[in-house]
Amino acid sequence: MPCSIWIDEQSRIVSFKDVAGYREICFATREEKFAFAIEKCSSGYRIQ
């Protein structure tokens, strides 16, 4: 299973789907991926 997240730092958005213009970040495990998303949400990012 893919363990990627796409992020737009300028708009402060995290996506679990590939979005044109967003930077892809790959993780070794799903747990790391979701921990990253939770951390970003805690600092004001929105989930798309």
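A few points on the structure. Keep in mind it's a predicted model, so treat the numbers as computed, not measured. (Residues numbered from 1 in each chain as written. Predicted model: local features only at pLDDT ≥ 70, side-chain atom pairs only at ≥ 80, totals over all residues. Heavy atoms only, no water.)

### Quick look at the overall build of the chain
For the chain, the count of helices and strands is one helix and four strands. Mapped from its N terminus to its C terminus, the chain presents α and β elements in the order β-β-β-α-β. Counting across all 48 residues of the chain, residues that qualify as buried make up 38%. Within the chain, contacts between residues separated by at least 24 positions form 47% of all contacts whose residues are at least 6 apart in sequence. Of the roughly 3,400 Å² of accessible surface on the chain, 53% is carried by carbon and sulfur atoms. Considering the chain, the positive charge centre built from 7 side chains and the negative charge centre built from 7 side chains are found 5 Å apart. (Helix = DSSP H or I, 4+ residues; strand = E, 2+ residues; numbered from the N terminus. Buried < 20%, exposed > 50% of the residue type's maximum accessible area, 1.4 Å probe, protein only. Contact = heavy atoms within 4.5 Å. Areas by Shrake-Rupley, 256 points an atom, 1.4 Å probe, with all protein chains shown as cover. Lys, Arg positive; Asp, Glu negative; His and termini not counted. Charge placed at Lys NZ, Arg CZ, Asp CG, Glu CD.)

### Structural notes on the environment of Lys-33
Its place among the elements puts Lys-33 in helix α1 (residues 30-42). The class for Lys-33 is buried, based on a relative accessible area of 8%. For Lys-33 and Ser-11, which are 22 residues apart along the polypeptide, the C-alpha to C-alpha distance reads 20 Å. Ignoring anything within four residues of it in the chain, the contact list for Lys-33 reads Pro-2, Cys-3, Ser-4, Ile-5, Phe-16 and Phe-27.

### Regarding the nonpolar core
Counting nine residues, the largest nonpolar core consists of Cys-3, Ile-5, Ile-7, Val-14, Ile-25, Phe-27, Phe-36, Ala-37 and Tyr-45. Within the residue set of this core, elements represented by two or more residues are β1 (4-8) and α1. Excluding residues that lie within four positions of it along the chain, Ile-25 makes contacts with Cys-3, Ser-4, Ile-5, Ile-7 and Phe-36. (Core = buried A, V, L, I, M, F, W, Y, C linked by side-chain atoms within 4.5 Å.)

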